[in-house]
Amino acid sequence: MKKSRCLQNIALLASATVVMADAASAQQVPQSPQPPANQVAPAQPAAQPAAPGATAPAPGTDATLPPVQVIQQQPKPQPPSPPAQVAKKPKAPKPQVAEAAPPPAAVPATTPPPPAPLTTSQQRAQGDIVRVAPIGGSEVAIEKVPGAVSTVSADAISSAGSNEPQDVLQKEVPGVIIGDVAGNDLRTQVEYRGFEAGGVNGFPQGLAVYQNGVRINEVFGDTVNWDLIPKNAISDITVLTGNPVFGLNAVGGAISVVLKDGFNYHGAEVDVMGGSFGRRQISAQAGGQSGGIAAYFAGELIEEDGWRDFSPAEVKRAYLDIGAKGSRIEAHINLTVADSSAGVVTASPVELLDVSRRLTFTSPQVTDLTMVMPSFNVAVKVTDTLTVSGLGYYRKLKSRVVDGNVFDDDDEEEAPAVALDDDDDEAPLGVIDRINTDAESFGFGVQAVEKRDLFGHKNQFVIGASYDQGKVGYTTSSELGEIGNNFVVTGLGIILDDDDFAPRNVAVDTRYLGLYVLDTLDLTDRLTLTFGGRFNYAKIDLEDLTGDFPGITSKHDFSRFNPTVGATYQWLPGLTLYGGYSEANRAPTAAELACADPDNPCPIESFLTDDPPLKQVVSKTYELGVRGKTKSDDGHRRLDWSLGLFHTINYDDILFVSSSTTGRGFFFNAGDTRRQGLEASIKYRQGPLSTYFSYSYVDATYFSLDVTEFSSPAHPLAGECVAIDEEACINVSNGDTIPGIPKHRFKAGFDYWVTPRWKVGADLIAASGQYFFGDNANLLNQLGGYTRVDVSTSFDLTENIQLYAFAKNIFDARYGLFGTLFDAEEAPIVGPHEINFENPRSIVPAAPVAVYGGVKVKF
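This is a predicted model, so every value here is computed, not measured.

K.L.:
When you look at the overall build of the protein chain in this model, what are you seeing that I'm missing?
P.N.:
When helices and strands are counted, the protein chain shows seven helices and 39 strands. The buried share of the protein chain, taken over its 859 residues, is 54%. Counting only carbon and sulfur atoms, one obtains 58% of the accessible surface of the protein chain, whose full area is about 35,800 Å².

See below:
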């Protein structure tokens, strides 16, 4: 009997267990697999985006839980019997055993909460919206921008396979190619559509570059020091064209760099990397918020021995942001500091590189930079449609350049004789130029954005103003030296003070004022009109403090209003046509204004001397194109593509040519130059695969020259000069190609998640040949083109630990990134190779195959 009761109790318990399990499984929600901590999922239209630093789903998975589906209705549950009653003698069992545990009561179906909208920084990083003015708050949908736009996200910048932001821009932006005048990958310059933004004086700067709304083209030469921007602090980079609102230097376009803050980055990360050529690097970042207060910090330390002789580099850079946010106001104060020292080894004769590509020609060549820049910005939402923003900054830059060069034979008669050894042989003479720049600048900007409808049409109106003021102390000196083995110049303590080598001491004062408006009006649901412009005023004063060069003391001012007008038309959903016209101007820099006299040439890093005045450069640009964007409802597939044409003429373009004195040259207004071409790109992502292809054609030519005789003393086909007082010239014709600009650029690559934790990728970059600097008439063979292949991989050990590695130039392609001509007859013969130079070509060779690896730890 007891055995029978026991069996009945077991049957009742089993029946109840089965019913409860069925009810529980009916409400169970399948979970997505846990992704690696570093992996950022593609944007999901129905899912809340993960904050930076937070865990995100792996590619091909959906972070949004499916809705709960009730598949079994359940009556109200009966109260359970007390456990003690099980031991009591039960009554005769009822025949319906299953009724002892009726189905649980029905649970009302629930709907998951709606996803939070993407933040402005997240939309901007995805390329869905574009900042159309220097200060934030001016963003509009990319479908309404009447020009070419490319956006690089923080994920692309931090992904395995890149060392510096310039590398990522080259990969992600169709028209960008990297040039390397300095011979150091930390100090490469960005070339976009034939316009430069880099850190070497002597190359006209045609791109305006902003960091958090502050223009960071340096005061003295409008140069851009990319090595002073903390790479791991970058939130996104946008490259856009045809918009004069970005002020001076936007003749070829503008690059807007936005850094992270504690509101859009939560968490912490430490990244340790090492690899070829003694590369040692550690970076860290951390951010978070508590209510309306947020903080973010990023820092990097980079050391490298360099792959060429005398090319070590060390960079220390950091960024700090503290922000506060209320219901209608947001304010940030931040600080950027950097210290960079790079062995700048520049071009070497091809005959020397035939011996070894590590060898350099004339050293020391070192550039030391120190920079500090505090700034603040605030945005106030005055009404539901009106936002007023402002910013202010102070920037201090100290630059120290040491540059060894050959001393001309023509000048050796004036130099003291120097004994090289006991045999009383005369040593080859050299010169060490020292160029010191101490620059301070400050400024502010204010901007208002009104988004109220205009006559029943959606409209965004932007109005703003900016003021920048700078002071520069500029000193130079030249020390006589002797050239020893490996072309190392050793100073003799003799400071030269004659002719081109006399010391300079100049004070520079600059003041820039800008006023701009830009209106974006939806004429219909498909047609958007953009129009506006900017007034620029630049005042540049120079004063000679030595008393020896009174012609340097001068005052210059330039002003111009640059208009823009364009339209976009949404032909089909996800397909937009665009077209526009814009003008921009570039005022001559202090370095150019004070180095424009052929009779008093300047070193490549620009000595200052008395000069004739230069005209400002004015650009006029036409653009026409089409772009498309499609994506699946779940966000797992996305296709972005674009095809565009551009045509830009620079009127009174400022060019730099070499002087007959080795290592020196001068600027002049040559006339009009033209840059025109085509850009095409495709980016596709589906689940674990993302891939891209891009092609650009850049035809950069002399269009309508006022001056056709260019000084080129090292050119083997040069003849006598007629119009200028130089030793050797070449005659340049309209239609000749501007040196240093490849016509064709092709890029392709992919990333693939082999598993939710393991990713592999490869990138290909190909560029056609370019003419050597100094061969403006296109009389010599070009510097050859190249194809480079890089590969990368990463593996997530855990959600918080990632191992990664990447290799650059895996096929060890040998090519040059920059080519120029030098006077082979003036080159000395020194050990240990004792080459008698005959070929005037010199190039900056690209780095050989290099392998790097590291580990990232997230908290």
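K.L.:
Looking at this model, I keep getting lost on the pairing of strand β18 (residues 386–406). Mind explaining?
P.N.:
In regular strands, side chains alternate between the two faces of the sheet. Two strands pair when backbone bridges link them, and strand β17 (residues 365–381) and β18 are joined in this way by 15 bridges, in the antiparallel orientation. What sits directly across from Thr367, in β18, is Val401. Hairpin remark: β17 followed by β18, antiparallel, with four residues in the connecting loop. Relative to strand β19 (residues 429–450), β18 runs antiparallel, the two being bridged by 21 bridges. Bridging from a neighbouring strand, Val406 pairs with Gly430 of β19.

K.L.:
Looking at this structure, I do not really get a negative patch on the surface. What am I missing?
P.N.:
Taken together, the side chains of Asp497, Asp498, Asp499 and Asp548 define an acidic patch exposed on the protein surface. Note that Asp497 resides in the loop between β21 (489–495) and β22 (504–522).

K.L.:
How do you make sense of the nonpolar core when you look at a structure like this?
P.N.:
It is characteristic of soluble globular proteins that their nonpolar side chains tend to be buried jointly. With 60 residues, the main nonpolar core has Val152, Leu169, Trp226, Ile237 and Ile255 as its most contacted residues. Residues in contact with Ile237, not counting those within four places in the same chain, are Ser150, Thr151, Val152, Ile157, Pro165, Leu169, Ile255, Ser256 and Val257. Counting 30 residues, the second largest nonpolar core, distinct from the first, contains Ala439, Val506, Ile552 and Ile654.

K.L.:
Would you take a moment to explain the packing of aromatic side chains for this structure?
P.N.:
Any aromatic ring pair is given by two values, namely how distant the centres are and how the planes are angled relative to each other. Applying the stated criterion to the full structure yields 21 aromatic pairs. Ring geometry for Phe203 versus Phe818: centroids 5.9 Å apart, planes at 70 degrees, classification edge-to-face. Linking Phe203 in the loop between β6 (195–197) and β7 (208–211) with Phe818 in strand β37 (residues 816–821), this pair joins segments that are 615 residues apart in sequence. Residue class for Phe818 comes out buried when judged on its relative accessible area of 9%. Taken together, a centroid distance of 4.2 Å and an interplanar angle of 10 degrees make the contact between Tyr786 and Tyr815 stacked. Of the two residues, Tyr786 is situated in strand β35 (residues 786–796) and Tyr815 in the loop between β36 (801–808) and β37; the sequence distance between them amounts to 29 residues. Members of the aromatic cluster, each reached through a chain of ring pairs, are Phe361, Phe487, Phe822 and Phe837. The ring of Tyr804 has Lys856 lying over it, and the distance from NZ or CZ to the ring centre is 5.6 Å.

K.L.:
Even after reading the chapter, I still don't get the pairing of β36, so can you show me in this structure?
P.N.:
Direction of pairing for β35 relative to β36: antiparallel, over a ladder of six bridges. Of the residues in β36, the one forming a bridge with Ser794 is Tyr804. Hairpin connection of β35 to β36: four residues between the antiparallel strands. The pairing of β36 with strand β39 (residues 850–858) spans eight bridges and is antiparallel.

K.L.:
Please explain the environment of Thr701 as it appears in this structure.
P.N.:
One can find Thr701 in strand β30 (residues 689–705). A C-alpha to C-alpha distance of 7.4 Å links Thr701 and Asn734, two positions 33 residues apart in sequence. If we skip the residues at most four places from it in the chain, Thr701 touches Thr673, Arg674, Gly735, Asp736, Thr737 and Ile738.

K.L.:
Mind showing me how you'd approach the sheet that holds strand β4 (residues 176–179) here?
P.N.:
Adjacent strands of a sheet pair through backbone hydrogen bonds, lying either parallel or antiparallel. Spatially, β4-β5-β6 is the arrangement adopted by the three strands of the open sheet, whose pairing is antiparallel. Two strands close off the open sheet at either side, each with one partner strand: β4 and β6. Along the sheet, successive strands turn relative to each other by an average axial angle of 30 degrees, direction set aside. With four bridges joining them, β4 and strand β5 (residues 189–192) adopt antiparallel strand pairing. By the bridge assignment for β5, Ile178 is matched with Val190.

K.L.:
Explain empty space enclosed by the protein to me, please; I cannot follow it from the model alone.
P.N.:
A water-sized probe rolled over the atoms picks out the places where empty space is left. Counted under the stated rule, the structure contains 16 cavities of 30 Å³ or more. Considering only enclosed or pocket space, the second largest cavity measures out at about 460 Å³ in volume. The wall of the second largest cavity is formed by 29 residues, among which Asp180, Asp185, Lys808, Leu817 and Ala847 lie closest to the centre. Sorting the residues of the lining of the second largest cavity by element identifies α4 (165–172), β35, β38 (841–845) and β39 as the ones contributing at least two each. Across the lining of the second largest cavity, the residue classes break down as 14 nonpolar, eight polar and seven charged.

K.L.:
Would you explain unusual backbone geometry in this entry?
P.N.:
Both trends apply: most residues other than glycine have a negative phi, and most peptide bonds are in trans. Along the chain, Ser363 connects to Pro364 via a cis peptide bond; the corresponding omega equals 15 degrees. Of note, Pro364 is situated in the loop between α5 (350–355) and β17. In the segment running from Gly831 into Pro832, the intervening peptide bond is cis, with an omega of 0 degrees. Position of Pro832 among the secondary structure elements: in the loop between β37 and β38. The backbone of Asn249 shows a phi angle near 80 degrees, a positive value even though the residue is not glycine. Here Asn249 is to be found in the loop between β9 (234–240) and β10 (254–259). Phi at Phe455 takes a positive value of approximately 55 degrees, unusual for a residue other than glycine. Tracing the sequence through the fold places Phe455 in the loop between β19 and β20 (459–483). Judged by relative accessible area, which is 76%, Phe455 ranks as exposed.

K.L.:
Before we go on, may I ask you to explain the sheet that holds β9 in this structure?
P.N.:
One open sheet accounts for five strands, arranged β3-β9-β10-β7-β8; its pairing is mixed. Two strands lie at the open edges of the sheet, namely β3 (149–153) and β8 (214–215), each paired on one side alone. As paired elements, β3 and β9 share five bridges and run antiparallel to each other. Counterpart to Val149 in the pairing with β9 is Leu240.

K.L.:
Just to check I follow, could you spell out the state of the cysteines for this structure?
P.N.:
Here a disulfide denotes one covalent bond, and it connects the sulfur atoms of two cysteines. Scanning the model with the defined rule gives one disulfide in all. Here Cys721 engages in a disulfide with Cys729; their sulfurs sit 2.0 Å apart. Across the S-S bond linking Cys721 and Cys729, the dihedral sits near 100 degrees, which makes this disulfide right-handed. For the pair Cys721 and Cys729, one class covers both residues: buried.

K.L.:
Please clarify how a nonpolar patch on the surface should be interpreted in this entry.
P.N.:
A surface patch of nonpolar side chains, about 710 Å² in accessible area, is lined by Leu689, Phe750, Tyr752, Val754, Trp758, Phe795, Leu797, Ile801 and Leu803. Counting only elements with at least two residues in the nonpolar patch, the list comes to β33 (744–753) and β36. Counting through the fold element by element, Val754 comes out in the loop between β33 and β34 (758–767).

K.L.:
What exactly am I supposed to notice about the pattern of salt bridges here?
P.N.:
Applying the stated criterion across every chain yields a total of 37 salt bridges. Lys555 is paired through a salt bridge with Asp541; the nearest N and O atoms lie 3.8 Å apart. Here the residue Lys555 occupies a position in strand β24 (residues 554–572), and Asp541 occupies one in strand β23 (residues 527–544), the gap between them amounting to 14 residues. With a relative accessible area of 64%, Lys555 lands in the exposed category. Exposure remark for Asp541: the relative accessible area of 13% places this residue in the buried category. Each member of the salt-bridge network shares a partner with another, and the members are Asp128, Glu143, Lys629, Arg638 and Asp640.

What counts as what
Residues numbered from 1 in each chain as written. Predicted model: local features only at pLDDT ≥ 70, side-chain atom pairs only at ≥ 80, totals over all residues. Heavy atoms only, no water. Helix = DSSP H or I, 4+ residues; strand = E, 2+ residues; numbered from the N terminus. Buried < 20%, exposed > 50% of the residue type's maximum accessible area, 1.4 Å probe, protein only. Areas by Shrake-Rupley, 256 points an atom, 1.4 Å probe, with all protein chains shown as cover. Pairing = 2+ DSSP bridges. Patch = residues over 30% accessible without salt bridge, like charges linked within 9 Å, V, L, I, M, F, W, Y side chains within 5 Å. Salt bridge = Lys/Arg side-chain N within 4 Å of Asp/Glu carboxyl O. Lys, Arg positive; Asp, Glu negative; His and termini not counted. Charge placed at Lys NZ, Arg CZ, Asp CG, Glu CD. Core = buried A, V, L, I, M, F, W, Y, C linked by side-chain atoms within 4.5 Å. Contact = heavy atoms within 4.5 Å. Phe/Tyr/Trp six-rings, centres within 6.5 Å; stacked < 30°, edge-to-face > 60°. Lys NZ or Arg CZ within 6 Å of the ring centre and 35° of its normal. Axes fitted to C-alpha atoms, helices over the stretch in contact; angles between N-to-C directions. 1 Å grid on protein atoms, 1.4 Å probe; cavity = no way out; pocket = protein on both sides within 12 Å on 5 of 7 lines; lining within 4 Å. Points joined across faces, edges and corners; volume = space filled by probe spheres on them. Nonpolar A, V, L, I, M, F, W, Y, C, P; charged D, E, K, R; others polar. Disulfide = S-S within 2.5 Å.

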